[in-house]
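The chain contents come next:
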Amino acid sequence: MQRRPIKDFTVAIVGGGMCGLVCGIGLARQGIDVKIFESTAKFAEVGAGVALSPNALRPLRSLGLLDTVLKLINIEDVKQDGFRVIAVNGDHEFIHDPPEVDTSRFDPEKQGFGIYRPTFLAALLPLVDPNNVFFNKRVTTTSLLPSGQHRIFFSDGTTYDADVIVGADGIKSTVRSSVVESGPEGRIGFSNTYAYRGVMPVDALKAAGVKVAVEARPLLWIGFCRHMATYPIDGRTLLNVAAMSRSKEYGAPVSPQEPGSWVEAVDQQEMLDAFEGSGDDLMTILKHIVKPSRWALHTLYPPLKTYVKDRVVLVGDAAHAMVPYLGAGVGQGFEDVYVLCRLLAHPKITKDNLNATLALYDNLRRPRANMILEKSLEAAQISQGFGPEKNSIEVTREKLREREDSEWHKNLVDHDLDREITNALESF
Ligand SMILES: Cc1cc2nc3c(=O)[nH]c(=O)nc-3n(C[C@H](O)[C@H](O)[C@H](O)COP(=O)(O)OP(=O)(O)OC[C@H]3O[C@@H](n4cnc5c(N)ncnc54)[C@H](O)[C@@H]3O)c2cc1C
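Bear in mind the structure is a predicted one, so any value in this text is a computation, not a measurement.

Undergrad: Even after reading the chapter, I still don't get the packing of aromatic side chains, so can you show me in this structure?
TA: What describes a pair of aromatic rings is the distance from one ring centre to the other and the angle between the planes of the rings. Following the criterion strictly, the structure yields nine aromatic pairs and no others. Each ring, one from F190 and one from Y194, has its centre 5.3 Å from the other, and the planes form 45°; the classification is tilted. Like F190, the residue Y194 is buried in the burial classification. Through successive ring pairs, a cluster of aromatic residues spans F37, F134, F154 and Y160. Over the aromatic face of W295 sits the side chain of R197, whose NZ or CZ is 4.3 Å from the ring centroid.

Undergrad: It is not clear to me how the sheet that holds strand β20 (residues 312–314) should be interpreted in this structure. Could you clarify?
TA: In sheet architecture, strand pairing relies on hydrogen bonds along the backbone and comes in two forms, parallel and antiparallel. Taken together, the six strands give an open sheet; going across it, the order is β7-β2-β1-β11-β20-β19, and neighbouring strands pair in mixed fashion. Whereas interior strands pair on both sides, the edge strands pair on one side only; in this sheet they are β7 (133–134) and β19 (308–309). Summarising the sheet, strand β1 (residues 10–14) and strand β11 (residues 164–167) pair through four bridges and their orientation is parallel. The partner of V14 across the bridge, within β11, is G167. The strands touched by helix α1 (residues 18–29) are β1, β2 (33–37) and β11; relative to β2, the strand with the most contacts, the crossing angle is about 160°.

Undergrad: Is there a simple way to explain the pairing of strand β13 (residues 219–222) in this structure?
TA: The two faces of the sheet receive side chains in turn, since in a regular strand these alternate between them. Because side chains alternate across β13, one face comprises the buried residues L219 and W221, and the other comprises L220 and I222, equally buried. Looking at chain direction, strand β4 (residues 84–87) and β13 are connected through four bridges and run parallel. Opposite R84, over in β13, you have L219 as the bridge partner. Judged from the four bridges that link them, β13 and strand β14 (residues 226–233) form a sheet pairing that is antiparallel. In the sheet register, L219 faces β14, and the bridge partner there is T230. Counting the residues that bridge the hairpin from β13 to β14 gives three residues, and of these C225 lies at a positive phi of roughly 60°.

Undergrad: Teacher, can you tell me more about the domain arrangement of the protein here?
TA: Often, the extent of an interface is quoted as the loss of accessible area on bringing the components together. By domain assignment, the protein separates into domain 1 (10–77 + 105–183 + 303–426) and domain 2 (188–300). Computed from C-alpha atoms alone, the centre-to-centre distance between domain 1 and domain 2 is 25 Å. Both faces considered, domain 1 and domain 2 share a buried interface measuring about 2,600 Å² in area, 64% of it formed by carbon and sulfur atoms. The interface formed by domain 1 and domain 2 contains zero salt bridges. In this structure, the connection of domain 1 to domain 2 is made through 15 residue pairs in polar contact (both at pLDDT 80 or more). Among the secondary structure elements, those contributing two or more residues to the side of domain 1 that touches domain 2 are β3 (49–52), α4 (75–78), β6 (113–116), α5 (117–124), α9 (317–320), α11 (354–378) and α12 (380–383). Its residues assigned to classes, the side of domain 1 that touches domain 2 shows 21 nonpolar, 10 polar and eight charged.

Rules used in this analysis
- Residues numbered from 1 in each chain as written.
- Predicted model: local features only at pLDDT ≥ 70, side-chain atom pairs only at ≥ 80, totals over all residues.
- Heavy atoms only, no water.
- Phe/Tyr/Trp six-rings, centres within 6.5 Å; stacked < 30°, edge-to-face > 60°.
- Buried < 20%, exposed > 50% of the residue type's maximum accessible area, 1.4 Å probe, protein only.
- Lys NZ or Arg CZ within 6 Å of the ring centre and 35° of its normal.
- Pairing = 2+ DSSP bridges.
- Helix = DSSP H or I, 4+ residues; strand = E, 2+ residues; numbered from the N terminus.
- Contact = heavy atoms within 4.5 Å.
- Axes fitted to C-alpha atoms, helices over the stretch in contact; angles between N-to-C directions.
- Domains from an automatic or database assignment.
- Buried area = accessible area lost by both parts, 1.4 Å probe.
- Salt bridge = Lys/Arg side-chain N within 4 Å of Asp/Glu carboxyl O.
- Polar contact = N/O pair within 3.5 Å; in protein donor to acceptor, adjacent residues only side chain to side chain.
- Nonpolar A, V, L, I, M, F, W, Y, C, P; charged D, E, K, R; others polar.

Here it is in structure tokens:
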């Protein structure tokens, strides 16, 4: 049964990816009239894992969604230490461990976990009211009406009017063009790196002779112009793999967006050639990606100067698509969604002060998310700069320690979002 809306305004979310979905559930639970418009025929996630950091889990917990997700997984099997750093080549020499956290009991304040994306989706779908979701609805543009509402135009010729439009339509966002001018701002850039992704049974890797304990904890395998992130999912029975290889020299600036599709099926040999010279375990893992797909990793670059115009607001990758080297994209997206839910649900907020409320959202979210976008790009300097060509093991360790000790890095997962929102609302 639908609750009677408690607010005098309506919200339309464009895009039903992880951020749009959480936003839709979060706003509906606050009693706000919200609809989700998704261009595809159903909700779907790629068959890969996603590492959810503590700052991704806290918003889920506060929105009452974390327990629902935890019911579908055995947390003892997936709760994670930080990424241990090892070498891509040779015998995969140990390089660095992050500060230890107590993993004897699960604490979403301190630990994240890796989850298969379709499992995450399966947990949330029962919480979505099907009356509020519209599939095969590709948004082409939006326009501001004299009433202050916005009109959404769909490729099937229909329209929908709402007081607030949330652009959760990913890196290639259409809604973004309603927020920022076309031109250099909001440009999508190619990070000069391709990712090959795969999920494989841990048992098969062991049987094939992999010696590194890939099931024990997340691993970051680093080298020169290449790196790989692995972590166990699904009760440590499966290994999620993302292997990154540069297409241009170390340190080359972000390139123009790649033409055509960013995800392509490629020959396994192409992937193996890209990692030639790496150590045996890494190559064995890659050989288990039988039909690799190659993802051209893009980033919004430079970061947006605003996430809001009038009553159109961007969240998730639409606002700050970043390279995945810090595993921070979803965390930043969930922070956006949580801030938006708390602001819009607050008793002070009505249709009359929506513009000021969304400006507050922009002030709260943009500096932090844009900073993490830039730090994500910078992270390649360490993870793709290890080897005789660039950084020695000592230099690499020093750089990793420096990063861990930096305020921004500590704040990446420790950030007190609730206090920030409460303070902002007090002065509103
Ligand atoms: C290789 C790789 C590994 C990653 N690993 C991690 C990780 O471990 N941890 C992490 O936190 N992040 C990771 N990320 C980043 C993370 O995947 C993204 O930040 C996150 O999925 C963004 O979610 P979103 O909902 O904002 O966008 P999306 O997931 O892109 O969803 C956008 C939705 O909008 C719909 N849509 C698009 N255009 C329209 C339109 N015009 N009209 C209507 N609907 C539309 C799409 O169909 C889609 O459903 C990784 C990214 C990559 C590429």
